[in-house]
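If you want the building blocks of each chain, they are given just below.
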Amino acid sequence: MEEQREAGGGADSQENRGGIRYITEELLLKLSGSSSLVLVRSLNLSSSAGEKHIKFIENLHSCQRLQVLNLNHNLIQRMERLSALTQLRELQLAHNNIQRIEGLELMSSLQHLNLSYNRIDHVPVWMGRKLRSLHTLHLQHNLITSLSEVSRLRSLSSLSELSLSGNPASSLPHSRLFLLYHLRTLDRLDNQPITPEERGHAHQRFHAEELERLQHQVDSSQSELSRLQRERQAAVTRLHQQEETNRTLTAQTETQRHTHTLLEQELHTKNQLLERTTAELTRAFHKLYELEQELTFYKIDAKLSPLPIIQEVDAVDSVAESPYIGKARHIRNTITISSSSLPTQEDSDVHTDMESSHPLLEDCRTQQSTAEAGLQMTCQTQQQLEADLTAPEETKTHRQEVLCCLLGKLSILDELRDEAEETSRQMDRQTVGEQEDPERDRRAGDTTTDAGHHRPTT
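Residues numbered from 1 in each chain as written. Predicted model: local features only at pLDDT ≥ 70, side-chain atom pairs only at ≥ 80, totals over all residues. Heavy atoms only, no water.

(A) Layout of the overall build of the protein. Secondary structure summary: the protein contains 8 helices and 12 strands in total. Relative to its full complement of 458 residues, the protein shows a buried share of 31%. Counting every atom, the protein has about 28,500 Å² of accessible surface; 51% of that belongs to carbon and sulfur. (Helix = DSSP H or I, 4+ residues; strand = E, 2+ residues; numbered from the N terminus. Buried < 20%, exposed > 50% of the residue type's maximum accessible area, 1.4 Å probe, protein only. Areas by Shrake-Rupley, 256 points an atom, 1.4 Å probe, with all protein chains shown as cover.)

Here it is, written out as structure tokens:
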């Protein structure tokens, strides 16, 4: 334990005594004495007491032919930037602060590896597969606690020398026999040669345990295999269920797409029907507008048609034109003071106006009947639209808007029909009044004549 404390604290004391030195190309050329880093085959970058120490491995990628690298007695914490040194045969990293073995996966030519006096507590599995040429491995005075991790090196057929002293695992009972049984290619262990007696004793000691361990591994492997088979069967079942679900979803998607196409066609047809209905309603409203205009101008003409009688004027040629633009007619009446011919002329005008008003009234009634037919057709369209309101959700808003528009137009149509009826009644009352006015004037004229005849002579 004191040696481990010295291994852990030696680097710190060195750091306190000296500074940090960085690996640069100038330093490499100076130490190697070569003109090019490509030609360098050996480098000694170890530090001694009182000198600056290297903390980072860097700038070695140009030394592609490097075979020997010495970095002992430094402050290196990580084995990094060594992947370019594929021809390296010997690597010295003793007396550093390294905690993990890494960066050596591509060094298939490495034969000697010295990692003593560091802080390594784990032997990676890949070392037994990647470092096929390794002969010597020094791991003394580290923090390795498990002998089973060291036994992972059994696949290294070239490993002949191993140093593991100074680790917690080396103090375990029968540690040497355990390593000799598992690492059968070793010739030296902890700087001591291996005798045939030790090999035989190790075989007797751990052969039964090894068989038991192998049997346990076989049982574990079978259990794992059974578990994997069950998982595979469950995964296959889930896969079949997923495929069935996918087929069902695909069929549903096709059905929904077909239904969507049919709904679009139906919506297009109903839109066309709605456009035709709207066009017919527009024409009906236009007819009603013309009817209202005709009735309005007729009422204006009826009010302006007979002018009052003016006495003491021989003859007046009066031309009265309607100030409105539309279907108003120009009224030309000749007014005379002949009292004997005036009633006859007024009677003829009233008769003429009545005769001209009859076709107009018939036309009004015809237009009203047409409007009522259009109203009935609109009601039918409204009922159809109300039935269509049960259609899919995506067309409901549009149909509601169309229904509101049609209801507004129907209210306007009702108002126009009421106005047409009111106008017709006013025309009827005016016609009756015009027929009564000549009769009243005639009676007044007869009364005046009788009074003149019975006036006494002075």
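What follows continues from the structure just given.
(B) Structural context of the pattern of salt bridges. Scanning all chains against the criterion turns up 12 salt bridges. When the shortest N-O distance is used, the salt bridge between glutamate 224 and arginine 227 registers 2.0 Å. Residue glutamate 224 and its partner arginine 227 are located together in helix 6 (residues 196-304), separated by 3 residues, close to a single helical turn. Looking at glutamate 224, the relative accessible area reads 35%, which means it is partly exposed. (Salt bridge = Lys/Arg side-chain N within 4 Å of Asp/Glu carboxyl O.)

(C) Focus on helix 5 (residues 175-182). Among the 8 residues in helix 5, 7 count as buried, and that is most of the element. Listed as buried for helix 5 are Ser175, Leu177, Phe178, Leu179, Leu180, Tyr181 and His182.

(D) Molecular detail of the packing of aromatic side chains. Throughout the structure, instances matching the rule amount to 0 aromatic pairs. Geometry around tyrosine 181 places arginine 184 over its ring, the cationic atom sitting 4.5 Å from the centre. (Phe/Tyr/Trp six-rings, centres within 6.5 Å; stacked < 30°, edge-to-face > 60°. Lys NZ or Arg CZ within 6 Å of the ring centre and 35° of its normal.)

(E) Looking closely at the environment of isoleucine 76. Mapped onto the secondary structure, isoleucine 76 falls in the loop between strand 4 (68-70) and strand 5 (90-92). Taking the C-alpha atoms as reference, isoleucine 76 lies 5.6 Å from asparagine 97; in sequence the two are 21 residues apart. Setting aside residues no more than four positions away along its own chain, isoleucine 76 makes contact with Ile54, Lys55, Ile57, Leu71, Leu93, Asn96, Asn97 and Ile98. (Contact = heavy atoms within 4.5 Å.)

(F) Up close: the nonpolar core. Of all hydrophobic cores here, the largest spans 55 residues; its most connected members are Leu69, Leu82, Leu91 and Leu104. Contributing elements (two or more residues each) for this core: helix 4 (147-150), helix 5 and helix 6. If you tally residues by element for this core, the top one is helix 5, at 5 residues. Among residues more than four places away in sequence, those in contact with leucine 69 are Leu43, Leu45, Leu60, Leu82, Leu85, Leu88, Glu90, Leu91 and Gln92. (Core = buried A, V, L, I, M, F, W, Y, C linked by side-chain atoms within 4.5 Å.)

(G) Spotlight on unusual backbone geometry. In the Ramachandran plot, arginine 81 falls in the positive-phi region, its phi being about 55 degrees despite a non-glycine side chain. Following the sequence through the fold, arginine 81 ends up in the loop between strand 4 and strand 5. Arginine 81 gets classed as exposed once you look at its relative accessible area, which sits at 52%. Notably, asparagine 191 is not glycine yet its phi reads approximately 65 degrees, a positive angle.

(H) Geometry of the environment of leucine 295. Summarising the element assignment, leucine 295 is placed in helix 6. Distance in space between the C-alpha atoms of leucine 295 and threonine 423 is 6.9 Å, their sequence separation being 128 residues.

(I) Examining a negative patch on the surface more closely. There is a patch of like negative charges on the surface, built from Glu292, Glu415, Asp418 and Glu419. The biggest single contributor to the negative patch is helix 8 (residues 396-453), with 3 residues. Take glutamate 419: it is sitting in helix 8. Since its relative accessible area comes to 39%, glutamate 419 is described here as partly exposed. (Patch = residues over 30% accessible without salt bridge, like charges linked within 9 Å, V, L, I, M, F, W, Y side chains within 5 Å. Lys, Arg positive; Asp, Glu negative; His and termini not counted. Charge placed at Lys NZ, Arg CZ, Asp CG, Glu CD.)

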